[in-house]
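# Geometric and topological summary
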Amino acid sequence: MKFGPVALGEAEGAILAHSLQAGGRRLRKAHRLTAADIRDLRDAGVEEVIAAALEPGDLDEDAAAARIAEILEAPGAEIRPPSTGRVNIHAANPGLFTVDKRTIDAINAVDPAVTVATLANLAPVEAGQMVATVKIIPFAVSAGIIARIEAAVAAARPFAIEPFRPHRVGLIQTVLPNVKESVLDKTARITADRLSRSASRVTEEDRPPHDTAKLVEAISAQVARNDMVLVFGASAVCDFDDVIPAAIRQSGGDVRRTGMPVDPGNLLVLGFIDGKPVIGAPGCARSPKLNGFDWVLDRLLAGLDISGDDIAGMGVGGLLMEIPTRPQPREKSAKPARANPWVVLLAAGQSRRMGATNKLLADFAGQPLVRRTAERAVSCKADGVVVVLGHEAEAVSSALDGLDVKKAVNADYAQGLSTSLKAGIRALPPMASGALIMLADMPGITTEVLNRLVDAFTASGGKAIVRATHGGKRGNPVVLPGALFPEIERLEGDTGARHVVESAPVEIIDVEVGAAASLDVDTPEALVAAGGVPAGGEG
């Protein structure tokens, strides 16, 4: 690939390095120039462009990313379509992500033009979660680089998602006179929630006295009927021959490990009887917070063996006391928190294709388009509305007088859509659970449509991306959960939220709303066809 200034007469087929205006059209970065583009650029007085010219054997960024993703294809993984030189790989099912660090390192050592990033080894994942991403840095790479990467992978399995397997689980909680029933009931409930991520279930529960002989009876009975047995002791393990490890041995089992270098989770016991795991759970496992018990349980639920040496190697990274917990079941509150989003109404654009007319001030049924759109947003179930102003901010703001909206002025609106998105997100209150990103030039989006999007977002607990679709194709508006707000801050230039939506490791819920999801008014013809009357350049 050759990169640099290219004379216009030699530029057909080259890939633009920067956006350009030509013949009233905007040619975006990474656009492959056609003969028509060359004519428009020449008419605009352009003599040369900064571009990448592919040489024989080169693959453009999307083709290269897709090919590398194919090389990495792994059990339990879904490869998403390439975009801007990136391919994201997601988990097809819940399970444990396993990765061969040496193979990934070897790929990344081939050439800095190609990068592969993954989750950490043995990270638990949910269905649909992103586990790896391939990114091509330049606009193209040579076939030779792809061949070297293929050789680096060879017969290795770079990564996989080991699916969680449903297990029948017996639960034993030993008791002493000072143990409260409420504590035992809470432990049973949290344990059932913990197992639910693998579709496993507690089939029976015993509560014998905290005595070795009685525990042997309970373990022996439950091992015969289940795939796994979990034992919560009324008293913490304080010796290698304490009640729980002793009971496992006396039941004919083997204790692989007592104690682990993970905090919380130090006092775990791992044994096996007839090939079935029996886990003496540490006291911290009575809480839903991440602890060493989760690390051992997840491996076993995914069908992975675990040895005493494996547990001994968990010390690095095993200090969990001060780290955020991963998504997992939590105790149910009596009243769920509200998950309604705020609307971020984008009204800062320059309406370049409208000529001298500001489309947002066009008349629709006796009122400016921007006011009509804002009224529908104010009337929906969202918790509030932020309107982002920019081009002709004063005139657009006046059209909104009297409406209960918060106004945010984006002084950098000319630098592209990403600046307006960031301005809108920054203007939201700290408690906002999400942002319903709405374009002010979409006359077909009604309050009813907005309510359907809000309802879907609320039903997800405020965790999913919700987007409007037309005939199965993505459109607008889109609702982003608050967890993705930091990703908006990373956007640059005339880039919308599409990349955030496609790469986010969260569930995407599509809501079919019909033609309204793809109807905007970017040209005078489209505006008139939608029922509007141009404002004649006023404002």
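This structure is a prediction, so every number in the text was calculated from the model and none was measured. (Residues numbered from 1 in each chain as written. Predicted model: local features only at pLDDT ≥ 70, side-chain atom pairs only at ≥ 80, totals over all residues. Heavy atoms only, no water.)

### Overview of the packing of aromatic side chains
- As enumerated under the stated definition, the model contains two aromatic pairs in all.
- One cation-aromatic arrangement involves R256 over F272; the distance from NZ or CZ to the ring centre is 3.9 Å. (Phe/Tyr/Trp six-rings, centres within 6.5 Å; stacked < 30°, edge-to-face > 60°. Lys NZ or Arg CZ within 6 Å of the ring centre and 35° of its normal.)

### Some thoughts on the pairing of strand β12 (residues 130-136)
- Of all seven residues making up β12, seven are buried, and the element is well covered by its neighbours.
- Here strand β8 (residues 86-91) pairs with β12 via five bridges, running antiparallel. In the sheet register, R86 faces β12, and the bridge partner there is K135.
- Relative to β12, strand β10 (residues 114-118) runs antiparallel, the two sharing five bridges. (Buried < 20%, exposed > 50% of the residue type's maximum accessible area, 1.4 Å probe, protein only. Helix = DSSP H or I, 4+ residues; strand = E, 2+ residues; numbered from the N terminus. Pairing = 2+ DSSP bridges.)

### Thoughts on the packing of helix α2 (residues 61-71) against helix α4 (residues 143-153)
- Remark: α2 packs on α4, axes separated minimally by 10 Å, with the N-to-C direction vectors making an angle of 15°. With respect to α4, the axis of α2 lies roughly parallel. By crossing handedness, the relation of α2 to α4 is classed as right-handed. Packed against α2, whose contacting residues are A64, R67, I68 and I71, the element α4 presents I146, I149, E150 and V153 at the interface.
- Of the residues in the contact of α2 with α4, the class split is six nonpolar, no polar and two charged. (Axes fitted to C-alpha atoms, helices over the stretch in contact; angles between N-to-C directions. Parallel < 35°, antiparallel > 145°, perpendicular 65-115°, else oblique. Left-handed = near helix turned anticlockwise from the far one by under 90°. Contact = heavy atoms within 4.5 Å. Nonpolar A, V, L, I, M, F, W, Y, C, P; charged D, E, K, R; others polar.)

### Some words on the pattern of salt bridges
- This structure, assessed with the given rule, holds 23 salt bridges.
- The closest approach of N and O atoms between R25 and D40, which form a salt bridge, is 2.8 Å. Here R25 is found in strand β4 (residues 25-27), whereas its partner D40 is found in helix α1 (residues 35-43), with 15 residues between them in sequence.
- Judged by relative accessible area, which is 34%, R25 ranks as partly exposed.
- Accessibility expressed as a relative area gives 22% for D40, which makes it partly exposed.
- In this structure, D455 and K381 form a salt bridge, with 3.0 Å as the shortest nitrogen-oxygen distance. (Salt bridge = Lys/Arg side-chain N within 4 Å of Asp/Glu carboxyl O.)

### Focus on the sheet that holds strand β27 (residues 465-470)
- Taking strand neighbours across the sheet as the criterion, the seven strands line up as β25-β24-β21-β26-β28-β27-β29 in an open arrangement whose pairing is mixed. Two strands close off the open sheet at either side, each with one partner strand: β25 (406-409) and β29 (508-512). Going across the sheet, the axis of each strand differs from the next one's by a mean of 25°, ignoring polarity.
- Together, β21 (342-347), β24 (385-389) and β26 (434-439) form the strand contacts of helix α10 (residues 369-379), whose direction differs from that of β21 by roughly 175°.

### A word on helix α6 (residues 212-225)
- Compared with the 20 Å implied by 1.5 Å per residue over 14 residues, the 20 Å span of α6 between its first and last C-alpha is a close match.
- Within the sequence span of α6, burial applies to T212, L215, V216, A218, I219, Q222 and V223.
- Lining the buried residues of α6 we find β15 (168-173), β16 (201-206), β17 (228-232), α7 (243-250), β19 (269-273) and β20 (276-281).
- A distance of 3.1 Å separates the backbone nitrogen of A213 from a side-chain oxygen at the start of α6, and that oxygen is part of D211. (Expected span 1.5 Å × (residues − 1). Polar contact = N/O pair within 3.5 Å; in protein donor to acceptor, adjacent residues only side chain to side chain.)

### Quick word on the nonpolar core
- Judged by nonpolar contacts, the single largest core of 39 residues is most densely connected at V343, V370, V387, L436, M438 and L453.
- If you list the elements that add at least two residues to this core, you get β21, α10, β24, α11 (393-399), β26, α13 (447-459) and β27.
- Of the residues forming this core, the biggest block, six residues, is contributed by α13.
- Every residue in contact with V370, bar those within four places of it in the chain, is listed here: L345, A347, L360, V396, A399, L400 and A440. (Core = buried A, V, L, I, M, F, W, Y, C linked by side-chain atoms within 4.5 Å.)

### Some details on α7
- Within α7, six of the eight residues are buried, leaving the element largely enclosed by the surrounding structure.
- Taken together, the buried positions of α7 are V243, I244, P245, A246, A247 and I248.
- Buried residues belonging to α7 abut α6, β17, β18 (254-258), β19 and β20.

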